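The residues making up each chain are set out below.
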Amino acid sequence: MSRQEDIENKVMELANQKLEYAIKRITDYYKKHNAEIQEDFLQAIGHGLQQCIESKKKIGFITISILESSMITKTYDLQIAFWNAYLYADDNPVYEYWAPSFIYAYLDSDIEEMEKSLKDQVVRLKAYEVLGLKCQYATNFYFLIGFMMKGMVPKIANLCKYQETDKEELVKVLFGKYMEKQTEICCLGV
């Protein structure tokens, strides 16, 4: 077994212990603060739609992307991009960012605890290995974000700015990692 495989196996053990508790804390927080979270998300969408109105952009797709780079910067941003009907071939997409930081509220403390435990088991644990651990552990939260988005995204159609925006007959909303295959989570009609 390689060093990397050994670390990954140990990380999985530690992550499974932490994950269940972290997900419970996050879902409890989401249920308690649902209205505020949705308002914050829809406000970010509204800013992006306002930019589309000002630039006379006709939207066909909205992508909500998880940015791996935000793990390094600890901003935990999601990129919300408004595209025309050609999606990634659009020369001029409109970007907005939203940080559901409550999702990652316990990430750093969980990683620190796992790192301490790993340092007892792995000789000379490197910074890049810890960053890999963090990215791997954070992947578990992406499904949680996707679940939340599925509940919030249909409300975009109720925004006045959405009604004012020039758009295709159907606007597809996609979710996933930045520049990777994304999943359609909603289709908004005119």
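Draft legend 1. Molecular detail of the layout of surface pockets. The volume enclosed by the largest pocket comes to roughly 170 Å³. If you go around the largest pocket, the residues you meet are Ile-66, Thr-139, Tyr-142, Phe-143, Phe-175, Gly-176, Lys-177, Glu-180 and Lys-181. Counted by class, the lining of the largest pocket contains 4 nonpolar, 2 polar and 3 charged residues.

Draft legend 2. Broad picture of helix H5 (residues 127-152). Helix length check: H5, at 26 residues, gives a terminal C-alpha distance of 36 Å against a target of 38 Å (1.5 Å per residue), a fit within 8%. At Asn-140, H5 shows its strongest bend, of approximately 30 degrees.

Draft legend 3. Main features of the sheet that holds strand S5 (residues 183-189). Taken in spatial order, the 5 strands line up as S3-S2-S1-S4-S5 in an open sheet, and their pairing is mixed. Of all strands in the sheet, those bounded by a partner on one side alone are strand S3 (94-98) and S5. Sheet twist, expressed as the average angle between the axes of neighbouring strands with direction ignored, equals 20 degrees. Examined bridge by bridge, strand S1 (residues 59-66) and strand S2 (residues 78-83) share 6 bridges and lie antiparallel to one another.

Draft legend 4. The side chain of Asp-110, seen in detail. If you trace the backbone, Asp-110 turns up in helix H4 (residues 107-121). Aside from chain neighbours lying at most four places away, what touches Asp-110 is Lys-18, Ala-22, Arg-25 and Tyr-137.

Draft legend 5. Structural context of a nonpolar patch on the surface. Together, Tyr-88, Tyr-178 and Met-179 make up a nonpolar patch on the protein surface, roughly 330 Å² of accessible area in all. Within the element layout of this structure, Tyr-178 appears in the loop between strand S4 (167-177) and S5.

Draft legend 6. Focus on the pairing of S3. Burial along S3 is one-sided: Val-94, Glu-96 and Trp-98 are buried, and none of Tyr-95 and Tyr-97, which face the opposite way, are. Across 5 bridges, S2 lies against S3 in antiparallel orientation. By the bridge assignment, Gln-79 is partnered in S3 with Tyr-97.

Draft legend 7. Structural detail: the nonpolar core. Ranked by internal contacts, the top residues of the largest apolar core, which has 57 residues, are Phe-41, Trp-98, Tyr-104, Phe-141 and Met-149. The leading source of residues in this core is H5, at 12 residues. The contact partners of Trp-98, leaving out residues within four places of it in the chain, are Ile-37, Asp-40, Phe-41, Ala-44, Tyr-76, Asp-77, Leu-78, Ile-80, Met-148, Met-149 and Met-152. Core analysis: the next-biggest nonpolar cluster, separate from the first, contains 5 residues, Ala-81, Trp-83, Leu-87 and Leu-174 among them.

Draft legend 8. The arrangement of the pattern of salt bridges in detail. Per the stated rule, a full pass over the model turns up 6 salt bridges. Two residues, Glu-113 and Lys-18, come together in a salt bridge whose shortest N-O distance is 2.2 Å. On the criterion of sequence distance, the pair formed by Glu-113 in helix H4 and Lys-18 in helix H1 (residues 3-32) is long-range, its members being 95 residues apart. Residue Glu-113 is classed as partly exposed on the basis of its relative accessible area of 41%. The exposure class of Lys-18 is partly exposed, given its relative accessible area of 22%. Taking the shortest distance from any N to any O, the salt bridge between Lys-24 and Asp-28 comes out at 2.8 Å. Here Lys-24 and its partner Asp-28 are both found in helix H1, 4 residues apart, which amounts to about one turn of the helix. With a relative accessible area of 47%, Lys-24 lands in the partly exposed category. When its relative accessible area of 37% is taken as the criterion, Asp-28 is described as partly exposed.

The rules behind the values
Residues numbered from 1 in each chain as written. Predicted model: local features only at pLDDT ≥ 70, side-chain atom pairs only at ≥ 80, totals over all residues. Heavy atoms only, no water. 1 Å grid on protein atoms, 1.4 Å probe; cavity = no way out; pocket = protein on both sides within 12 Å on 5 of 7 lines; lining within 4 Å. Points joined across faces, edges and corners; volume = space filled by probe spheres on them. Nonpolar A, V, L, I, M, F, W, Y, C, P; charged D, E, K, R; others polar. Helix = DSSP H or I, 4+ residues; strand = E, 2+ residues; numbered from the N terminus. Expected span 1.5 Å × (residues − 1). Bend = angle between axes of the 7 residues up to and from the residue. Pairing = 2+ DSSP bridges. Axes fitted to C-alpha atoms, helices over the stretch in contact; angles between N-to-C directions. Contact = heavy atoms within 4.5 Å. Patch = residues over 30% accessible without salt bridge, like charges linked within 9 Å, V, L, I, M, F, W, Y side chains within 5 Å. Areas by Shrake-Rupley, 256 points an atom, 1.4 Å probe, with all protein chains shown as cover. Salt bridge = Lys/Arg side-chain N within 4 Å of Asp/Glu carboxyl O. Buried < 20%, exposed > 50% of the residue type's maximum accessible area, 1.4 Å probe, protein only. Core = buried A, V, L, I, M, F, W, Y, C linked by side-chain atoms within 4.5 Å.

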